[in-house]
Amino acid sequence: MISMKRILTLAIAGLLTACTSQISINDVLPQQELDKTIYLRGDFTLWDAEPQYQFSPVGPALYQAQVKFSSPGKVYEFKIADADFSEGYNCGYSDSQPAGQSLTLGQPAIADCNTIYNYFSFTPAIKGTYIVSIDYSDYDSPQVTITKK
């Protein structure tokens, strides 16, 4: 025979489970959709906004673009910006970063999207395709990461 206390415990647990199953990860993470198209712009594009370097959304507040670096040991310079280098869409390294402009593979760096001159730099150890990501989960301090594809 099941006790009344046990029945109440099971009923409450069932109700709580039903309520919490309605929450998704999108309810917890911020949703930041950009109202402008942004590009990876650098010395490899002559700083132009080229369609093949357009960022695409890949998750909540996360955008990525691919780039092929064919000269190991070369310092590549770039920014993440819209077609006009508009204020708020002109992202380079943040002066608050102790490492400065140089990105390290797999390590996020805070971007300043109101900078005019602060470009990122990256020196690949091997040639290949790399993914540049910008994460707007904290819109005031977006993070840029570069990884090897």
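No experiment lies behind these values; they were computed from the predicted model shown.

Enquirer: Is there a simple way to explain the pairing of strand 9 (residues 143-148) in this structure?
Expert: The pairing of strand 6 (residues 109-112) with strand 9 spans 2 bridges and is classified as antiparallel. Within the sheet, the bridge partner assigned to Ala-109 lies in strand 9 and is Val-144. Relative to strand 9, strand 8 (residues 128-135) runs antiparallel, the two being bridged by 6 bridges. Bridging from a neighbouring strand, Ile-134 pairs with Val-144 of strand 9.

Enquirer: Can you help me understand the state of the cysteines in this one?
Expert: By definition, a disulfide links the sulfur atoms of two cysteine residues through a covalent bond. Tallied over the full model, the rule gives 1 disulfide. Disulfide pairing places Cys-91 opposite Cys-113 at an S-S distance of 2.0 Å. Around the S-S axis, the bridge from Cys-91 to Cys-113 shows a dihedral of about 105° and counts as right-handed. Here Cys-113 lies in the loop between strand 6 and strand 7 (120-122) and Cys-91 lies in strand 5 (residues 90-93), a separation of 22 residues in the sequence. The exposure classification of Cys-91 matches that of Cys-113, with both residues buried.

Enquirer: Help me understand the side chain of Ser-121, please; the structure alone is not making it clear to me.
Expert: Residue position: Ser-121 is located in strand 7. In this structure Ser-121 touches Val-75, Tyr-76, Glu-77, Gln-101, Ser-102 and Leu-103, once residues within four positions along its chain are discounted.

Enquirer: It is not clear to me how the nonpolar core should be interpreted in this structure. Could you clarify?
Expert: The tendency in soluble globular proteins is for nonpolar side chains to be buried side by side. Formed by 28 residues in total, the largest nonpolar core has its most connected members in Leu-40, Phe-55, Ile-80, Val-132, Ile-134 and Tyr-136. For this core, the secondary structure elements donating two or more residues are strand 3 (62-69), strand 4 (76-81), strand 5, strand 6, strand 7, strand 8 and strand 9. Here the element with the most residues in this core is strand 3; it accounts for 4 residues.

Enquirer: What should I look at first to understand the packing of aromatic side chains in this one?
Expert: Under the criterion given, the structure shown has 12 aromatic pairs. Measuring from centroid to centroid gives 6.1 Å for Tyr-63 and Tyr-136, while their planes differ by 80°, and the two rings are edge-to-face. Taken as a pair, Tyr-63 in strand 3 and Tyr-136 in the loop between strand 8 and strand 9 lie far apart in primary sequence, 73 residues in all. As far as burial versus exposure is concerned, Tyr-63 and Tyr-136 are alike and both buried.

Analysis parameters
- Residues numbered from 1 in each chain as written.
- Predicted model: local features only at pLDDT ≥ 70, side-chain atom pairs only at ≥ 80, totals over all residues.
- Heavy atoms only, no water.
- Pairing = 2+ DSSP bridges.
- Helix = DSSP H or I, 4+ residues; strand = E, 2+ residues; numbered from the N terminus.
- Disulfide = S-S within 2.5 Å.
- Buried < 20%, exposed > 50% of the residue type's maximum accessible area, 1.4 Å probe, protein only.
- Contact = heavy atoms within 4.5 Å.
- Core = buried A, V, L, I, M, F, W, Y, C linked by side-chain atoms within 4.5 Å.
- Phe/Tyr/Trp six-rings, centres within 6.5 Å; stacked < 30°, edge-to-face > 60°.

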